[in-house]
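Listed here are the chains, written in short residue letters.
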Amino acid sequence: MYGVDPPLTMKRVRSQNSQKNPRNKVVVRVPATSANMGPGFDALGLGLDIWNEISVERAAKFKITTEGEGAGAIPETVDDNGESNHMVIKALKRAFEYAGEPMPRVKVHCRNRIPVCSGFGSSSAAIVGGLVAGLALAGLELRAGYDPGHPQWLPEELLQLATEMEGHPDNVAPSIYGGIQLSVQLSPVDMGGGPRLNAQLALSRRVPIPEGLRLVAYVPSEATRFSFASADKTNEMRALLPPDVPREQAVFNIQRTALLIDCLHRGDLSLLRFATEDVLHQPARATIYPHLKPMCQAAINAGAHGAFLSGAGPTILAICSGATGGDIFTQTREERQENGVANAMRRAVDSLSTKHDQWKGGKFYICSPCYQGCHVVSADPPMSDAMATFGTLDGDL
Ligand SMILES: N[C@@H](CCO)C(=O)O
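Definitions and limits used
Residues numbered from 1 in each chain as written. Predicted model: local features only at pLDDT ≥ 70, side-chain atom pairs only at ≥ 80, totals over all residues. Heavy atoms only, no water. Helix = DSSP H or I, 4+ residues; strand = E, 2+ residues; numbered from the N terminus. Buried < 20%, exposed > 50% of the residue type's maximum accessible area, 1.4 Å probe, protein only. Areas by Shrake-Rupley, 256 points an atom, 1.4 Å probe, with all protein chains shown as cover. Axes fitted to C-alpha atoms, helices over the stretch in contact; angles between N-to-C directions. Parallel < 35°, antiparallel > 145°, perpendicular 65-115°, else oblique. Left-handed = near helix turned anticlockwise from the far one by under 90°. Contact = heavy atoms within 4.5 Å. Nonpolar A, V, L, I, M, F, W, Y, C, P; charged D, E, K, R; others polar. Pairing = 2+ DSSP bridges. Domains from an automatic or database assignment. Buried area = accessible area lost by both parts, 1.4 Å probe. Salt bridge = Lys/Arg side-chain N within 4 Å of Asp/Glu carboxyl O. Polar contact = N/O pair within 3.5 Å; in protein donor to acceptor, adjacent residues only side chain to side chain. Near = heavy atom within 4 Å.

Further remarks concern the overall build of the protein chain. Summing up its helical and strand segments, the protein chain has 14 helices and 13 strands in all. Relative to its 397 residues, the protein chain shows a buried fraction of 55%. A total accessible area of about 16,800 Å² is found for the protein chain, and carbon and sulfur atoms account for 52% of it.

Below, the structure written as structure tokens:
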């Protein structure tokens, strides 16, 4: 049987831990994510095996440093009260507020491998990584617990906190849990109300990943991404979407999202090219992203099982099985399907007219899904095992 994620319960043990034994330093790893997967707008997300590492240490003065992706471009300013636009700092503050502790001054170092402003979940990674680091630093114990009496309704506090900050759960859920996540926001009415419940309670369920899945992602160049600049890029790309959806478009996406979940559960990739079609967000976004349609088509023609805009873009993601047939492990690098798909995608973007040159010259990432979400790598004093490994798969998978 494929497992569902154990709801994450957060035990407040302030009297033993937080007050008496706050941590001095915490290092967390947090994966990239690709939201929507075509038709599953604001509902589906996939964790990728590309990781940021965030180190947070109590210090005499606030300081943020960045290496890797976004270094020199992400503003690192933070005032003495911890006011900052930096997502990691905002998430740390939210974590301390949640823990009921004053926000300490901290030194934050981000080792970024996730391209920023690209549709690869870099802001979710900052939010989730910052929350986990902050909760751990504040001394809260986290426990991946499963209450069989309330399997559906037990609130997953970390998911709530992260969803509230991000606005939608499809990136933060795989960032927390890894794998493919199907997330739902419930209203209090759905839940029968109750004093603990927020207006929108997010919950997430793991969807199985077919074996051997490989992903080819094209991330347009740095220059292009930063021309979009603002931290509000996702909001700008959401503002493009028409507020109302004709019934036939809603039906189109409902059918495909349901088919996609079924394909993933069966491990059947044969219908994925239809199951990853979308009419809710990609057509409007294609008006800004001229590479979207030709690259997706080229990927499918070259044998990819499906291709779509990653999150709000501009990254394009193609799903491959890593093999052109036969055994993935006995194939040479040249024979592997993802190379053919990447080459075809490159030819497609290169053949756009010169007025679209800004979309050319991007980078390809060939990667696998990640099966684990955000986790603590090291802490001083050390974490309990449960905390260090929360967000990993349960034994069901
Ligand atoms: N579902 C979101 C993901 C980006 O954060 C969107 O497409 O706008």
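Once the structure has been displayed, the description carries forward.
The geometry of helix α2 (residues 87–99) relative to helix α4 (residues 157–166) is characterised by a closest axis approach of 11 Å and an angle of 135° between their N-to-C directions. With respect to their mutual orientation, α2 and α4 come out oblique. At the point where α2 passes α4, the crossing takes the right-handed sense. Where α2 abuts α4, its residues K90, A91, R94 and Y98 lie against E157, L161, E164 and M165. Looking at the contact of α2 with α4 residue by residue, the classes come out as 4 nonpolar, no polar and 4 charged.

What follows concerns α4. One turn of an α-helix holds 3.6 residues; hence residues three or four places apart share an orientation. Among the 10 residues in α4, 8 count as buried, and that is most of the element. Buried within α4 we find E157, L158, L159, Q160, L161, A162, T163 and E166. In the stretch just after α4, G167 is the one whose phi turns positive, near 100°.

Comment: phi is negative for the bulk of residues other than glycine, and the bulk of peptide bonds are trans. Note the cis peptide between G313 and P314, where omega equals 5°. Summarising the element assignment, P314 is placed in the loop between β10 (306–309) and β11 (316–320). Backbone geometry places N36, a non-glycine residue, at a positive phi of 85°. Within the fold, N36 resides in the loop between β2 (25–35) and β3 (44–58). Positioned with a positive phi, M37 is a non-glycine residue whose angle comes to about 50°. Relative to the helices and strands, M37 resides in the loop between β2 and β3.

With respect to the helices and strands, K25 occurs in strand β2. In this structure K25 comes out as partly exposed when scored by relative accessible area, which is 31%. Placed 148 residues apart in sequence, K25 and A173 show a C-alpha to C-alpha distance of 25 Å. Residues in contact with K25, not counting those within four places in the same chain, are S55, V56, E57, L137, S378, A379 and D380.

Moving on: the sheet that holds strand β9 (residues 214–219). Strand order in the open sheet formed by 4 strands is β10-β11-β9-β12, and the pairing between neighbours is antiparallel. On the outer flanks of this sheet lie β10 and β12 (363–367), each paired with one strand and no other. In this sheet, neighbouring strand axes are inclined to one another by 15° on average, regardless of whether the strands run parallel or antiparallel. Of the pairings in the sheet, the one linking β10 to β11 comprises 4 bridges and is antiparallel in character. Looking at β11, one finds that F308 is bridged to L317. Against the sheet, helix α13 (residues 337–350) makes contact with β9, β11 and β12, and its axis sits at roughly 20° relative to β9, the strand it touches most.

On to the domain arrangement of the protein chain. According to the domain assignment, the protein chain contains domain 1 (25–203 + 372–384) and domain 2 (214–367). When the two sides are added together, the surface that domain 1 and domain 2 hide from each other amounts to roughly 2,300 Å², 67% of it contributed by carbon and sulfur. For domain 1, the biggest contributors to the area lost against domain 2 are P39, F41 and C117; these three give 26% of the whole. On inspection of domain 1 and its partner domain 2, the count reaches 2 salt bridges. Notably, a salt bridge pairs D42 with R238, separated by 2.7 Å at the nearest N-O pair. Counting the contacts that link domain 1 with domain 2 gives 12 residue pairs in polar contact (both at pLDDT 80 or more). When grouped by side-chain class, the residues that make up the side of domain 1 that touches domain 2 number 15 nonpolar, 8 polar and 3 charged.

A few words on the site of the ligand. Close contacts around the ligand come from A35, N36, F41, D42, H168, D170, N171, T234, R238, R285, G311 and A312, and that covers them all. Contact distances for the ligand include 2.6 Å between a nitrogen atom and a side-chain N or O atom of D170. A distance of 3.3 Å separates an oxygen atom of the ligand from a polar side-chain atom of N171. When contributions to the shell around the ligand are tallied by element, the ones reaching two or more residues are α5 (169–177) and α8 (233–239).

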